[in-house]
Amino acid sequence: MSAMMTDNKAGYRVDPENLSELSSDLHDLLDTCVENMKSTREDLWNPPNNKELAESFSLSASADACDTKDVYDKLRSIMPYGTNQKHPRWWGWVNGGGNFTAVGAELVAATINTNMGGRNQGCVEVERAVIEFLVNLAGMDAQKAFGVLTTGTSQATVLAMAAARAKKFGIDVKKKGIRALPEISVYVKDGAHVCVAKAIELLGHGSDSMRTFTSFDHLTQLVAEDKANGIVPMAIVGTAGCVNRGTYDDLQSIGKFCQQEDIWFHVDGAFGYWILLAEKKWSSLISGIERANSVALDFHKWIGVPYAVGACLINDRELHYKTFSNRPSYLAPSTGTVPGSDGLAGGDLWFCDYGIDLSRPFSALKCWTTLKAVGTRKLGEVVTDNCRQAARMATIIKNLNKSGNNSITVACDVVSNVCCMFLRDADPRDIAAKLQVAKIVVFSTTLVNGKECLRAALVNHRTTDADIDYAMEELQKLLPKQ
Ligand SMILES: *Cc1c(COP(=O)(O)O)cnc(C)c1O
């Protein structure tokens, strides 16, 4: 940097003056992070003292600079107060355990600070590679299908439903909105995630447009009824990995039916998509995903990419592009004539043309790093392990039952990585909270057949069989003696 550029008072107010000091502070912070990684097993969730934290982190409208070292100490102080789902016995809801190699990707992404919304840059090749990987793994038509990374499955579902609508009613719907449209229906099986209803609400159709089916026959019946009443069936959602029970809808039958009836076939594979990497016994559950018009999935759940990143895949790149591309004057493409490059406004892949965010993080880097550093083989083993471990939980319960202890019973068949259990003479929410506060295990609760149950969703690559056995023993200790 030339002296002329720094003599001026303005400029360089924000970057630290002493970069070797920054380097040393960053290295110290990195050491703290590695220590934190080492102790994944030592600390489950910590009940927060929100008042104290609120005071400690309050911001003022007129503040002078703080020493970086002190600020980094504050960062250290907040580290114990997340959900701490890195822990091997964190099985509530569906929460990924992160992974440590991807921390390097976050560091690089924040350092280079590229905006992945658009412009002529090499970094798009990383996102392109990730999308192509996902399309190929799903078995979609690699010539036609494409996609975009999102903040998660919820956002991906909004994009997918917008594309479904553009397909059904033409791209003109972008201009005309829903005023001119007939009533539509979107079909989900019972137990489908609420993100589908949210997407339909957001797109202006109202959640009354949702139809819930209980079986394939019921689905065909609902579609026939709607058609007879002049309601347009817009999309059918197949759930691949149901949040409550870990079940998979019959994607083959639904996919074929959608094709026959010219209805958009969307697959919610938030965590369940990754069963594609598991042993055949489990990967066959998702057979038919290749028929999907769109797939929504998460990187931050089962394969542990740090939050928050998911993807939307659409089997028709042109339609996908047309649904979202809209470049006003300030985003006009380059007409440069410089040999070799048309400048920053050039480039033929702008991801803002495939979704709603214009400014986008370089999330592709942590996805790519995870896939590359861990490798898909090992990730597949994790998925298989978790499915086996859910089955192990069910076996432990069944063995208890055989020996005459019925304090816990299996609430529904274990199909993949989710095990739900009914507790006799105990409130599952109370037991879940007691186990969390005692730092033993994190279960969550849900309803199965209208009855409250304890639920474990195993998506953690650190979980061992011994963790399953330990948690089940500790759970029994809290239940009334039989
Ligand atoms: C988590 C989940 C979602 C929502 O995904 P986000 O990434 O949290 O937006 C949707 N569907 C299923 C089946 C899920 O498990």
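Refer to the structure presented above.
Summarised in this report is the structure supplied together with it. Position numbers for residues start from 1 in each chain and track the written sequence from start to end. Totals for whole chains, interfaces and linings use every residue, but because this is a predicted model, local features are given only for residues with pLDDT of at least 70 and side-chain atom pairs only at 80 or more, for both listing and counting. Hydrogens and water are ignored here; the side-chain numbers use all heavy atoms of the structure.

Attention now goes to the site of the ligand. Proximity is defined per residue: any heavy atom of the residue falling within 4 Å of a molecule or strand makes that residue near it. Taken together, 13 residues lie near the ligand, and S154, D268, D298, H300 and K301 sit nearest. One nitrogen or oxygen atom from the main chain of T153 is found 3.0 Å from an oxygen atom belonging to the ligand. Separating an oxygen atom of the ligand from a side-chain N or O atom of K301 is a distance of 3.0 Å. Note on residue classes: Ala, Val, Leu, Ile, Met, Phe, Trp, Tyr, Cys and Pro are nonpolar, Asp, Glu, Lys and Arg are charged, and everything else, Gly too, is polar. Of the residues contributing to the shell around the ligand, the split by class is four nonpolar, six polar and three charged. Think of a polar contact as two N or O atoms within 3.5 Å of one another; within protein, one of them needs to be a possible hydrogen donor and the other a possible acceptor, and neighboring residues in sequence only count if both atoms come from side chains.

Turning to the pattern of salt bridges, a few remarks are in order. In what follows, salt bridge is the name for a side-chain nitrogen of Lys or Arg lying within 4 Å of a carboxyl oxygen of Asp or Glu. Counting across every chain of the model gives 25 salt bridges. We note a salt bridge from R89 to D467, for which the minimum N-O separation is 2.8 Å. In this pair, R89 is assigned in the loop between helix 4 (68-78) and helix 5 (102-112) and D467 in helix 17 (residues 465-477), connecting sequence segments 378 residues apart. Throughout this description, buried means an accessible area under 20% of the type-specific maximum (1.4 Å probe, protein chains only), exposed means over 50%, and partly exposed covers the range between. Residue R89 is classed as buried on the basis of its relative accessible area, which comes to 10%. Judged by relative accessible area, D467 falls into the buried class, the value being 3%. When the shortest N-O distance is used, the salt bridge between K301 and D298 registers 3.2 Å. Given the relative accessible area of 15%, K301 is considered buried. Three or more residues are tied together by salt bridges with common partners; here these are R41, R89 and D467. Put simply, DSSP marks the helices as runs of H or I at least four residues long and the strands as runs of E at least two long, and each gets a number from the N terminus on.

Structurally, K86 can be placed in the loop between helix 4 and helix 5. His residues and chain termini do not enter the charge count, which takes Lys and Arg as positive and Asp and Glu as negative. D43 provides the closest opposite charge to the buried, unpaired K86, separated from it by 8.4 Å. Excluding anything up to four places from it in sequence, K86 contacts N36, T40, G97, F100, N460 and R462. Residues count as neighbours in contact if any of their non-hydrogen atoms are within 4.5 Å of one another.

With that settled, the discussion passes to the layout of surface pockets. Each cavity reported here is a set of points on a 1 Å grid over the protein atoms alone in which a 1.4 Å probe fits but cannot get out, each pocket an open set with protein on both sides within 12 Å along at least five of seven lines, and each lining residue one with an atom within 4 Å of a point. Grid points are joined across faces, edges and corners, and a volume is the space filled by probe spheres set on the points. Space inside the largest pocket adds up to approximately 1,100 Å³. Contributing to the lining of the largest pocket are 34 residues, with C33, N36, M79, K86 and V103 lying nearest its centre. Only helix 2 (19-38), helix 4 and helix 5 provide two or more residues apiece to the lining of the largest pocket. Here the lining of the largest pocket gets seven residues from one element, more than from any other, and that element is helix 2.

All right, on to unusual backbone geometry then. In this structure, A308 follows Y307 across a cis peptide bond, with omega equal to -5°. In this fold, A308 is placed in the loop between strand 6 (294-298) and strand 7 (310-314). Even without glycine at this site, N113 takes up a positive phi of about 55°. Judged by its relative accessible area of 61%, N113 falls in the exposed class. Look at K439: it is not a glycine, yet its phi comes out positive at around 60°. The residue K439 is located in the loop between helix 16 (428-437) and strand 10 (444-448) in this model. On the basis of relative accessibility, which here comes to 32%, the residue K439 falls in the partly exposed class.

Moving on, we get to empty space enclosed by the protein. Enumeration according to the criterion identifies three cavities of 30 Å³ or more in this entry. Lining the largest cavity, in full, are E127, L149, T150, T151, Q155, A308, D357, R360, P361, S363 and A364. Among the residues making up the lining of the largest cavity, the classes are represented as four nonpolar, four polar and three charged. Quantified by volume, the second largest cavity comes out at close to 70 Å³. For the second largest cavity, the full set of lining residues is V94, H193, T239, G241, C242, V243, D268, A270, F271 and K301. For the lining of the second largest cavity, a count of residues per class yields five nonpolar, three polar and two charged.

Within the element layout of this structure, S283 appears in helix 12 (residues 280-283). Aside from chain neighbours lying at most four places away, what touches S283 is I275, L276 and A278.

Next up on the list: the packing of helix 2 against helix 4. Lines are fitted to the C-alpha atoms to define the axes, a helix being fitted only along its stretch in contact, and any angle between axes, read from their N-to-C directions, falls within 0 to 180 degrees. The interhelical angle for the contact between helix 2 and helix 4, taken along N-to-C directions, is 15°, at an axis separation of 10 Å. Taken together, the axis directions place helix 2 and helix 4 in an arrangement best described as roughly parallel. The hand of the helix 2/helix 4 crossing is right-handed. Taking contact as the criterion, the partners of L22, D25, L26, D28, L29 and T32 in helix 2 are, on helix 4, T68, K69, Y72, L75 and R76. Geometric relationships in this document are graded by angle, where less than 35 degrees denotes roughly parallel, more than 145 denotes roughly antiparallel, 65 to 115 denotes roughly perpendicular, and other angles denote oblique. What makes a crossing left-handed is the near helix being turned counterclockwise from the far one by less than a right angle; a clockwise turn instead makes it right-handed.

Sheets are built from strands paired through backbone hydrogen bonds, the pairs being either parallel or antiparallel. Only when DSSP finds a minimum of two bridges between them are two strands counted as paired. Spatial ordering of the open sheet is given by 8-9-11-10, a layout of four strands whose pairing is antiparallel. Looking at strand neighbours, the two that pair on one side only are strand 8 (408-410) and strand 10, the edges of this open sheet. Taken pair by pair, the neighbouring strands of this sheet meet at an average axis angle of 45°, ignoring direction. Examined bridge by bridge, strand 10 and strand 11 (residues 451-457) share five bridges and lie antiparallel to one another.

Looking at helix 11 (residues 251-261), one finds that the buried residues are L251, I254, G255, F257 and C258. Buried residues of helix 11, viewed axially, fall in a sector of 165°; they line one side. Facing away from the buried side of helix 11, by more than 90 degrees, are the exposed residues Q259 and Q260. Those residues of helix 11 that are buried are in contact with strand 3 (210-213), helix 10 (216-228), strand 4 (232-239) and strand 5 (264-269). Looking at the residues trailing helix 11, positive phi occurs at D262, about 55°. The arc in question is traced by the directions running from the helix axis to the C-beta atoms.

Keep in mind these numbers describe shape, not what the thing actually does.
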